[in-house]
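Now for the letters of each chain:
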Number of protein chains: 2
Amino acid sequence: MPSVIRSPRTEQAYGKLKWEILQNHLPPGFQASEPEFALRLGMSRTPVREALLHLEADGLIEMKPRHGARVTPLSWNDMRDIYEILTTLEPEAAAAVAELKPDQKTLKPLSDATDGMEKALAKNDLDNWAAADDRFHRGLLRLQNNRRLTDFVTRLLDQSHRARMITLRMRNRPTQSTEDHRIILRHIENGEAGKAREMYRRHRERAASELLTLLQNYRLTAL
Amino acid sequence: MPSVIRSPRTEQAYGKLKWEILQNHLPPGFQASEPEFALRLGMSRTPVREALLHLEADGLIEMKPRHGARVTPLSWNDMRDIYEILTTLEPEAAAAVAELKPDQKTLKPLSDATDGMEKALAKNDLDNWAAADDRFHRGLLRLQNNRRLTDFVTRLLDQSHRARMITLRMRNRPTQSTEDHRIILRHIENGEAGKAREMYRRHRERAASELLTLLQNYRLTAL
DNA sequence: GCATGCATTAATGCATACATTAATTCGAAT
DNA sequence: ATTCGAATTAATGTATGCATTAATGCATGC
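For clarity, every value in this text was computed on a predicted model and none was experimentally measured.

So, the protein's contact with DNA strand C
Here is step 1 of the chain: A:R9, A:S44, A:T46, B:R49 and B:R66 are the nearest of the 19 residues found near DNA strand C.
Here is step 2 of the chain: Backbone atoms, meaning sugar and phosphate, make up 65% of the atoms of DNA strand C lying within 4 Å of the protein.
Here is step 3 of the chain: Within the contact set of DNA strand C, a phosphate oxygen lies 2.5 Å away from a side-chain nitrogen or oxygen of B:R49.
Here is step 4 of the chain: A distance of 2.4 Å is found between a base nitrogen of DNA strand C and a side-chain nitrogen or oxygen belonging to B:R66.
Here is step 5 of the chain: Secondary structure elements with two or more residues in the surface near DNA strand C: α1 (8-22) and α3 (45-58) of chain A together with α2 (34-41) and α3 (45-58) of chain B.
Here is step 6 of the chain: Partitioned by chemical class, the residues of the surface near DNA strand C number five nonpolar, six polar and eight charged.

Details of the packing of helix α6 (residues 126-143) of chain B against helix α8 (residues 175-189) of chain B
Geometrically, a packed helix pair is captured by the angle between its two axes and the distance between the axes.
Residues and elements named next belong to chain B.
Here is step 1 of the chain: It is at 12 Å that the axes of α6 and α8 come closest, and there the two elements cross at 25°. The pairing of α6 with α8 is recorded here as roughly parallel in orientation. Classified by chirality, the crossing of α8 by α6 is left-handed. Touching W129, D133, F136, H137 and L140 of α6 are S177, T178, H181, I184, L185 and I188, all from α8.
Here is step 2 of the chain: Considered class by class, the residues forming the contact of α6 with α8 number six nonpolar, four polar and one charged.

Re the sheet that holds strand β2 (residues 61-64) of chain A
Residue and element names in this part refer to chain A.
Here is step 1 of the chain: Read from one edge to the other, the open sheet built from three strands follows the order β1-β3-β2, with strand pairing classed as antiparallel. Of all strands in the sheet, those bounded by a partner on one side alone are β1 (31-32) and β2.
Here is step 2 of the chain: Where β2 lies against strand β3 (residues 68-71), four bridges are found, and the strand directions are antiparallel. Its bridge partner lying in β3, M63 is registered against A69.

Structural notes on the protein's contact with DNA strand D
Here is step 1 of the chain: By nearness alone, 20 residues border DNA strand D, and A:R49, A:R66, B:R9, B:S44 and B:T46 come closest of all.
Here is step 2 of the chain: Of all DNA strand D atoms lying within 4 Å of any protein atom, the proportion belonging to sugar or phosphate reaches 63%.
Here is step 3 of the chain: B:T46 has a polar side-chain atom sitting 2.7 Å from a base nitrogen of DNA strand D.
Here is step 4 of the chain: A distance of 3.2 Å is found between a base oxygen of DNA strand D and a side-chain nitrogen or oxygen belonging to B:R66.
Here is step 5 of the chain: Elements with a minimum of two residues in the surface near DNA strand D: α2 (34-41) and α3 of chain A together with α1 (8-22) and α3 of chain B.
Here is step 6 of the chain: Grouping the amino acids of the surface near DNA strand D by side-chain chemistry returns five nonpolar, seven polar and eight charged.

Comments concerning the sheet that holds strand β2 (residues 61-64) of chain B
Residues and elements named next belong to chain B.
Here is step 1 of the chain: The three strands lie next to each other as β1-β3-β2, forming an open sheet whose pairing is antiparallel. Of all strands in the sheet, those bounded by a partner on one side alone are β1 (31-32) and β2.
Here is step 2 of the chain: Here two bridges tie β1 to strand β3 (residues 68-71), and the two strands are oriented antiparallel to one another. Paired with Q31 across the two strands is R70, which belongs to β3.

Notes on the domain arrangement of chain A
Bring the parts together and some accessible area is lost; that lost area is often taken as the interface size.
Residue and element names in this part refer to chain A.
Here is step 1 of the chain: As assigned here, chain A comprises domain 1 (8-71) and domain 2 (76-217).
Here is step 2 of the chain: Summarising the inter-unit geometry, the C-alpha centres of domain 1 and domain 2 are found 28 Å apart.
Here is step 3 of the chain: With ten residues of domain 1 at the interface, the matching set in domain 2 holds six residues.
Here is step 4 of the chain: Together, the buried faces of domain 1 and domain 2 total about 710 Å²; carbon and sulfur atoms form 52% of this surface.
Here is step 5 of the chain: A per-residue breakdown of the area domain 1 buries against domain 2 is headed by L22, N24 and D58, which together make up 54% of the total.
Here is step 6 of the chain: Linking domain 1 to domain 2 there are one salt bridge.
Here is step 7 of the chain: Of the charged contacts, one joins K18 and D158 as a salt bridge, the two residues approaching to 3.2 Å between their closest N and O atoms.
Here is step 8 of the chain: Viewed at the interface, domain 2 and domain 1 are joined by three residue pairs in polar contact (both at pLDDT 80 or more).
Here is step 9 of the chain: Breaking the side of domain 1 that touches domain 2 down by element, the ones donating at least two residues are α1 and α3.
Here is step 10 of the chain: When residues in the side of domain 1 that touches domain 2 are grouped by element, the largest group, three residues, is from α1.
Here is step 11 of the chain: Of the residues contributing to the side of domain 1 that touches domain 2, the split by class is six nonpolar, two polar and two charged.

Cut-off values and rules
- Residues numbered from 1 in each chain as written.
- Chains lettered and ligands numbered in written order.
- Predicted model: local features only at pLDDT ≥ 70, side-chain atom pairs only at ≥ 80, totals over all residues.
- Heavy atoms only, no water.
- Near = heavy atom within 4 Å.
- Polar contact = N/O pair within 3.5 Å; in protein donor to acceptor, adjacent residues only side chain to side chain.
- Helix = DSSP H or I, 4+ residues; strand = E, 2+ residues; numbered from the N terminus.
- Nonpolar A, V, L, I, M, F, W, Y, C, P; charged D, E, K, R; others polar.
- Axes fitted to C-alpha atoms, helices over the stretch in contact; angles between N-to-C directions.
- Parallel < 35°, antiparallel > 145°, perpendicular 65-115°, else oblique.
- Left-handed = near helix turned anticlockwise from the far one by under 90°.
- Contact = heavy atoms within 4.5 Å.
- Pairing = 2+ DSSP bridges.
- Domains from an automatic or database assignment.
- Buried area = accessible area lost by both parts, 1.4 Å probe.
- Salt bridge = Lys/Arg side-chain N within 4 Å of Asp/Glu carboxyl O.

This is the structure we're talking about:
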């Protein structure tokens, strides 16, 4: 439960900060003290501090003793680690969903997302393509029943979101990636767990290698 | 970074509470308000609350709006979910370590743990057996280089610790399990990633099935 | 007797004040 | 000029108090 916060202020602070971080509005490496964040957000330190601690647990903020809280910088090694885990866990999630033999209605979020990717690709609308891609991955997770898996992978997706956005316009047209999704969806529809797993793994391996190469070539990250 | 806390009080509260939960000193389902915990720990609500939030992120505490914080009850479904993920991730960790072709010195923590398991088994000393088993699993994790993987799996091991302790004396003599470790260690020593992965997977599958059966037969958990 | 609603009670959410501690700056001495 | 050290500054850690809000119990009416 990465986002299970209930109190208005804390929730507000958490939501706003997370949003601004993921949008690169608060850029990687941005640093400020608790009082500064509190001032920015128009509330006292208490809820802000709580939100910052949550974001630290999410891996989006790093709190260093006397240097304030800083937005986690993009790191090549972090991205490698994250994609390594995604490459292991997401295929298992896909297989688990396939095992459930879900009906078309259950799979609607996934087919919608896949449609969205194809349409956006046809229009060369990268932003909508990325959004649909994201919906697919998160939608798939939600269809399997292991809550901890959902939460953890969701956190990893959040942690790697900025890197994906930054590299979005450096990639070639994501034709292959879009096709991958269609095929994975078909395997899931057919209840073929093994094929879904294997296809998802290859999808993630390709995505990882692409992303890491881009980050490296363009010196976009620390480390 | 499950335990990255630095302030004396918060750290103290976190450490003490975590310890007492894992020792079943604060039993599953135990519930108290923040002021009560604060009183128990001899400090104000602030650091206690922070510690409780950390423990909630660790999955050991659940905070319900007006009902105080309660020690997460043991749940069969949670254990199933946890072991499902462990069965996926730990074998990958073992394979990753094998790939590193570590020397004997690096592997000393693992061989020590394995020795400890065998010795404890010979003496029928279940407590030390379990402790050595735990050292093996955590030691292996530390040898691979993906920090996020280490932290997440460590959390899962913590979350399942109480269930393991409770079922410890209901199991048959853990002969098979001890042998598994020896074999896994050998595969790692030989740098045979595939074999290490496969053996670890079978080890975890067996462990999961044993644990879940015991919990079910003895109605030890909620749900 | 039961249900509804209000009052009471207590916990949490949040703000603030104070204590502690570390970084930084400035000055003095070598 | 450089280095050491003390004083200042500012951030974090912690305590506390107040506001808010939900749960509980009681009373009242049906």
